[in-house]
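Coordinate analysis (summary)
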Protein chains: 2
Amino acid sequence: MSLVAPKRVRIYDVAQAAGVSVATASKALNDTGRMTDETRTRVKDAATRLGFRPNAMARALIQKRSFTVGLLTNDTYGRFTLPLMAGVSEALVDQGVSVFLCAIEDDPALAKIHVDAMLDKQVDGIIASGKRIDRQLPVDLENLSVPVVYAFTQAPANGVSLVSDDAAGSREAVEWLKSLGRRRIVHVTGPRSFASVEERAGAYRDAVGPTAEVLFGTWSEQWGHEAVAQLWDAAGETPDAIFCGNDQIARGVVDALRERGVAVPADVSVVGFDNWEIVAAATRPPLTTVDMNLKELGREAGRLVLALAAGETVEPGIRKLPCALVVRQSCGGGPRS
Amino acid sequence: MSLVAPKRVRIYDVAQAAGVSVATASKALNDTGRMTDETRTRVKDAATRLGFRPNAMARALIQKRSFTVGLLTNDTYGRFTLPLMAGVSEALVDQGVSVFLCAIEDDPALAKIHVDAMLDKQVDGIIASGKRIDRQLPVDLENLSVPVVYAFTQAPANGVSLVSDDAAGSREAVEWLKSLGRRRIVHVTGPRSFASVEERAGAYRDAVGPTAEVLFGTWSEQWGHEAVAQLWDAAGETPDAIFCGNDQIARGVVDALRERGVAVPADVSVVGFDNWEIVAAATRPPLTTVDMNLKELGREAGRLVLALAAGETVEPGIRKLPCALVVRQSCGGGPRS
DNA sequence: CTTTTGTGAGAAAAGGATTTCTCTAGTTGA
DNA sequence: TCAACTAGAGAAATCCTTTTCTCACAAAAG
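Residues numbered from 1 in each chain as written. Chains lettered and ligands numbered in written order. Predicted model: local features only at pLDDT ≥ 70, side-chain atom pairs only at ≥ 80, totals over all residues. Heavy atoms only, no water.

Here we look at the packing of helix 1 (residues 11-18) of chain B against helix 2 (residues 22-30) of chain B
Residues and elements named next belong to chain B. Taken N-terminus to C-terminus, the directions of helix 1 and helix 2 make an angle of 100°; their axes are 8 Å apart at the nearest point. The angle between helix 1 and helix 2 falls in the class roughly perpendicular. In this structure, helix 1 contributes Ile11, Tyr12 and Ala15 to the contact, and helix 2 contributes Val22, Ala25, Ser26 and Leu29. (Axes fitted to C-alpha atoms, helices over the stretch in contact; angles between N-to-C directions. Helix = DSSP H or I, 4+ residues; strand = E, 2+ residues; numbered from the N terminus. Parallel < 35°, antiparallel > 145°, perpendicular 65-115°, else oblique. Contact = heavy atoms within 4.5 Å.)

This is the structure in structure tokens:
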């Protein structure tokens, strides 16, 4: 075990070992230029043998590409960011691209610091992401010298943006409930001020028709309890299905129903939204819920930002990615075909 | 609005604007070298005026410092990583250091790819982090050419490592329960195979004395329910306090108690561990729980890795950082002094 | 009046790759 | 046989800073 750090091997060393010039070595390794196959493999072998790894800084300096991208987010709690990050990373890692994660906590000054730091470091692109699909980050990313992709956050007019297709997700949830024979489906969701609330509720109304009933509240288990109280204490027919705006509300609803002695899913089916594992899986019974496929959203964002960085032109506008219904046990019904 | 990206201003431009050489400009901006104050301010003014930002790649190339560090983690779910990351970032951002986040999912091959990518990019240091304090990451970080700090994961023999002082946290929880007059305190926790389970349980035993009783199970709400069943269905005196190994178990316990008509905190006090906001705050009543101060752990890890990168020598070994009891309502007792 | 010391500033090298020329030699075509 | 190409490889420029010398000049010392 030697304690002296071994000198980094440079392309110069590879060239010498292979008996060629530095220029030829560079071209051989990058599969550019012209030379005999024999020379190329000889250089590559030498590189492998010596364990050559090009100095990314030197490369970045001349190519003006750093093989890094920045992920900017104000979702401190990471509920949405992490799956997204996982997807981005997955899409980029085999291109040799690494990801700076910058959490900016709704602080414009902090955001500016992070953006400047990223620009200094010559990131090839920036992915902007947030905890709300209908809010912009507190920093202006237009007219930057690098491409920007907006994922799960509001984009400026001519930005390239990716969001989940909440409306389709809602429709799917409602259709699922209908296919199970449910007839009186109520929607319990978050505050109207959220765009996704309106979008999900709108799609729900369209799918359910005239019997639609939406209860707006907060994004909490507490609200789930209250909503059940409202529904069951009111006169008239009680619902046989509740489609919730997120998993926390759904959990509250399920717990409240159990406490009232209403059987889930025998008497009432419940569907959540978000597929937040920790909530959805711990609910008794585990929640059937709409997954926004944030990881795939991340992958796509990664691909897009890379394409933009490579100079490809990408049509601006909003791209909607499909949601997927994850069937567990809170609705009844088996795994779907 | 001009559509052509403005040419980046180089130090050469600043030098020219200030009427000095590039060398002088560099020294002026970095507060090194010798020159009149007048020259220095003249250069700095020019730099500000032109909006000069040094090219980090060129700087890194020569200084062999990239002002980046890597955070390696196998905690896919991000429960521990995110607070840690927030702390690291907070400690480093005003030094101009950015953080690469690399999620490696227990995959040695992926881990190696990420580590190599980071080394290529000349990170100044690496912070290794995991979801278990008693497991090493599936990758060897010894004898790397950059310093490594282990945070919330097991370190090799001569590594620099940071963990939370779980034992002290447990003691504090027990003392709190005692101070509220609780006399029969039971510990319901996770699987024995976790080092933190043994450590927390050990400290609990020491603090409680001969009446100590520990129930080992899994890290789930489900287990919380089962444990309550075991305790209440058994003959003999029931506990007046339950100290849980994590918040999920605690939530299960609280729910189970409520279902049995046992009042929390009136009849029984419950304490959790982790302060996982989403679980702790949604429990009815909200959980009093031990917070591992992961953000502070992250800050400290950031400071340490920077110190190491700067060539300072840091004593190897395990540093334990204090936990903090977060008082909510599941124990009774007011906010602590 | 000469020598030493100190100060301010610039020239040039270095850092490690990529890329554009340039050059030689061999091949093809007329 | 001679011009025109082409393939293979290398020399040198380039990317942008930092840093180490070197130098000129002025002030202090002898």
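Focus on the pattern of salt bridges
As enumerated under the stated definition, the model contains 57 salt bridges over all chains in all. Arg258(B) is the salt-bridge partner of Glu259(A), the closest N and O atoms lying 3.9 Å from each other. In this pair, Glu259(A) is assigned in helix 10 (residues 247-260) and Arg258(B) in helix 10 (residues 247-260), connecting two distinct chains. The class of Glu259(A) is partly exposed, set by a relative accessible area of 45%. The shortest N-O distance in the salt bridge between Arg200(B) and Asp166(B) comes to 2.8 Å. With Arg200(B) in helix 8 (residues 195-208) and Asp166(B) in helix 7 (residues 166-179), the pair connects residues that are 34 residues apart, well separated along the chain. Under the relative-accessibility criterion, Asp166(B) is labelled buried at 1%. Linked by salt bridges that have partners in common, Glu221(A), Arg251(A), Asp255(A), Arg258(A), Glu259(A), Arg284(A), Glu221(B), Arg251(B), Asp255(B), Arg258(B), Glu259(B) and Arg284(B) make up one network. (Salt bridge = Lys/Arg side-chain N within 4 Å of Asp/Glu carboxyl O. Buried < 20%, exposed > 50% of the residue type's maximum accessible area, 1.4 Å probe, protein only.)

Side note on the sheet that holds strand 9 (residues 269-273) of chain B
Residue and element names in this part refer to chain B. With respect to topology, six strands assemble into an open sheet ordered 7-6-8-9-10-12, the strand pairing being mixed. Edge positions in the sheet fall to strand 7 (213-216) and strand 12 (324-326), since each of these pairs with one other strand and no more. Going across the sheet, the axis of each strand differs from the next one's by a mean of 20°, ignoring polarity. Both strand 9 and strand 10 (residues 288-291) contribute to a ladder of three bridges, which runs parallel. Bridged to Val271 within strand 10 is Thr288. Strands in contact with helix 9 (residues 221-233) are strand 6 (185-189), strand 7 and strand 8 (241-244); relative to strand 7, the strand with the most contacts, it is inclined by about 140°. (Pairing = 2+ DSSP bridges.)

Examining the protein's contact with DNA strand D
Close contacts around DNA strand D come from 28 residues, with Ser21(A), Thr24(A), Lys27(A), Ile11(B) and Ile62(B) the closest. One of the backbone N or O atoms of Thr36(A) is found 3.2 Å from a phosphate oxygen in DNA strand D. Within the contact set of DNA strand D, a phosphate oxygen lies 2.9 Å away from a side-chain nitrogen or oxygen of Arg59(B). Secondary-structure elements contributing two or more residues to the surface near DNA strand D are helix 2 (22-30) and helix 4 (56-63) of chain A together with helix 2 and helix 4 (56-63) of chain B. Ranked by residue count, the leading element in the surface near DNA strand D is helix 2 of chain B, at five residues. Here the surface near DNA strand D is built from residues that sort into twelve nonpolar, nine polar and seven charged. (Near = heavy atom within 4 Å. Polar contact = N/O pair within 3.5 Å; in protein donor to acceptor, adjacent residues only side chain to side chain. Nonpolar A, V, L, I, M, F, W, Y, C, P; charged D, E, K, R; others polar.)

Observations concerning unusual backbone geometry
Cis peptide bonds are those with omega within 30 degrees of zero, and the linkage from Arg284(A) to Pro285(A) qualifies with -5°. Between Val264(B) and the following residue, Pro265(B), the backbone shows a cis peptide bond with an omega angle of 5°. Located in the positive-phi region is Phe152(A), a residue other than glycine, with phi close to 60°. Counting through the fold element by element, Phe152(A) comes out in the loop between strand 4 (148-151) and strand 5 (160-164). A residue is classified by how much of its surface remains accessible, and Phe152(A), at 5% relative accessible area, is buried. With a phi close to 55°, Asn293(A) is a non-glycine residue in the positive phi region. In this fold, Asn293(A) is placed in the loop between strand 10 (288-291) and helix 12 (294-309). According to the relative accessible area criterion, Asn293(A) is partly exposed, its value standing at 27%.

Quick notes on the domain arrangement of chain A
Once the domains are mapped, chain A shows domain 1 (8-39), domain 2 (68-164 + 294-322) and domain 3 (166-293). Inter-centroid distance (C-alpha atoms) of domain 1 of chain A to domain 3 of chain A is 63 Å. (Domains from an automatic or database assignment.)

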